[in-house]
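Below are the chains, spelled out letter by letter.
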Amino acid sequence: NGQLMYLAVRRGEEPLRVFPDELIREYTITVTRPQQWYLVPGLAAAFLVRLGEATGEEAFLQVAQSYVQFCDSVADDRYSIPQSGFFGWAASMLFAATGNVNYQRIASSVLANLVARQNSDGSWSQPSLPSDLPGAKTDATAESIILILETLDNLEAGA
């Protein structure tokens, strides 16, 4: 319907369309709700871009674009929360693959917000997957550095 993306498609052999209300954040992205797991379609889109490059199949690139375009239509925080980094990375990959400046804009916006979340000591506090583990800050920092470097490489490649 264009208003909802399911993040989990199947549980075993059955399509997943019904789940407890308290799991809505884990199973869907909707156009109106903030604080969503943009990393899931971002990772899927990034995989599909690379799969399209490896196989030469244009269909994979088209599906990757639909994931990123859907995420770009949702809540205002889509560029600014820790769960946005992989969405921005996927957009940068699409910019490198297509030259479409809309993907450059998305990636640049996510990148600017990622850099803005850096702590004064050079670290980042929150990884894309929320964690209470003692190493979460280290994980968040490593993840953020990798996302920044990969996104910058893709933006340069697409320019």
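Before going into details, it helps to say that this report is about the structure given with it. No experiment lies behind these values; they were computed from the predicted model shown. (Residues numbered from 1 in each chain as written. Predicted model: local features only at pLDDT ≥ 70, side-chain atom pairs only at ≥ 80, totals over all residues. Heavy atoms only, no water.)

**Observations regarding the overall build of the protein**
On a plain count of helices and strands, the protein comes out with 6 helices and 4 strands. Along the protein, helices (α) and strands (β) appear in the sequence β-β-β-α-β-α-α-α-α-α when read from the amino end. Over its C-alpha atoms the protein spans a radius of gyration of 16 Å, differing by no more than 12% from the 15 Å that the globule rule assigns to 159 residues. In terms of its C-alpha atoms, the protein occupies a principal-axis envelope of roughly 45 × 40 × 25 Å. The buried share among the 159 residues of the protein stands at 43%. Intrachain contacts of the protein at a sequence separation of at least 6 include 58% that bridge at least 24 residues. On the protein, roughly 8600 Å² of surface is accessible, and the fraction owed to carbon and sulfur atoms is 55%. Measuring between centres, the 10 positive side-chain charges of the protein sit 5 Å from its 18 negative side-chain charges. (Helix = DSSP H or I, 4+ residues; strand = E, 2+ residues; numbered from the N terminus. Rg over C-alpha atoms; globule rule 2.2 N^0.38 Å. Buried < 20%, exposed > 50% of the residue type's maximum accessible area, 1.4 Å probe, protein only. Contact = heavy atoms within 4.5 Å. Areas by Shrake-Rupley, 256 points an atom, 1.4 Å probe, with all protein chains shown as cover. Lys, Arg positive; Asp, Glu negative; His and termini not counted. Charge placed at Lys NZ, Arg CZ, Asp CG, Glu CD.)

**As for helix α5 (residues 101-116)**
Here α5 spans 22 Å end to end across 16 residues, near enough to the 22 Å set by a 1.5 Å rise per residue. Elements that come into contact with the buried residues of α5 comprise α3 (58-71), α4 (85-98) and α6 (136-158). Put simply, Asn 100 is the residue that caps the front of α5, since its side-chain oxygen is 2.7 Å from the backbone nitrogen of Asn 102. (Expected span 1.5 Å × (residues − 1). Polar contact = N/O pair within 3.5 Å; in protein donor to acceptor, adjacent residues only side chain to side chain.)

**Regarding the pattern of salt bridges**
All told, the structure shown has 4 salt bridges when counted by the stated rule. Taking the shortest distance from any N to any O, the salt bridge between Asp 72 and Arg 78 comes out at 3.1 Å. Residue Asp 72 is classed as buried on the basis of its relative accessible area, which comes to 13%. The partner of Arg 105 in a salt bridge is Asp 72, and the shortest N-O contact between them spans 2.8 Å. Within this pair, whereas Arg 105 is found in helix α5, its partner Asp 72 is found in the loop between α3 and α4, the two being separated by 33 residues in sequence. Relative accessible area serves as the criterion here: at 35%, Arg 105 is assigned to the partly exposed category. Bridged by salt links that share partners, the residues Asp 72, Arg 78 and Arg 105 form one connected network. (Salt bridge = Lys/Arg side-chain N within 4 Å of Asp/Glu carboxyl O.)

**What to know about α4**
For α4, with 14 residues, the first-to-last C-alpha span of 20 Å sits near the 20 Å given by 1.5 Å per residue. With 11 of its 14 residues buried, α4 lies for the most part within the structure. Among the residues of α4, those classed as buried are Gly 85, Phe 86, Phe 87, Gly 88, Trp 89, Ala 90, Ala 91, Ser 92, Met 93, Leu 94 and Phe 95. Against the buried residues of α4 lie α2 (39-55), α3, α5 and α6. Directly after α4, the chain includes Gly 99, whose backbone phi takes a positive value near 75°.

**Some details on the nonpolar core**
Judged by nonpolar contacts, the single largest core of 38 residues is most densely connected at Ile 29, Tyr 38, Val 68, Phe 87, Leu 94, Tyr 103 and Ile 106. Contributions of two or more residues to this core are made by α2, α3, α4, α5 and α6. Per-element accounting of this core gives the leading share, 8 residues, to α4. (Core = buried A, V, L, I, M, F, W, Y, C linked by side-chain atoms within 4.5 Å.)

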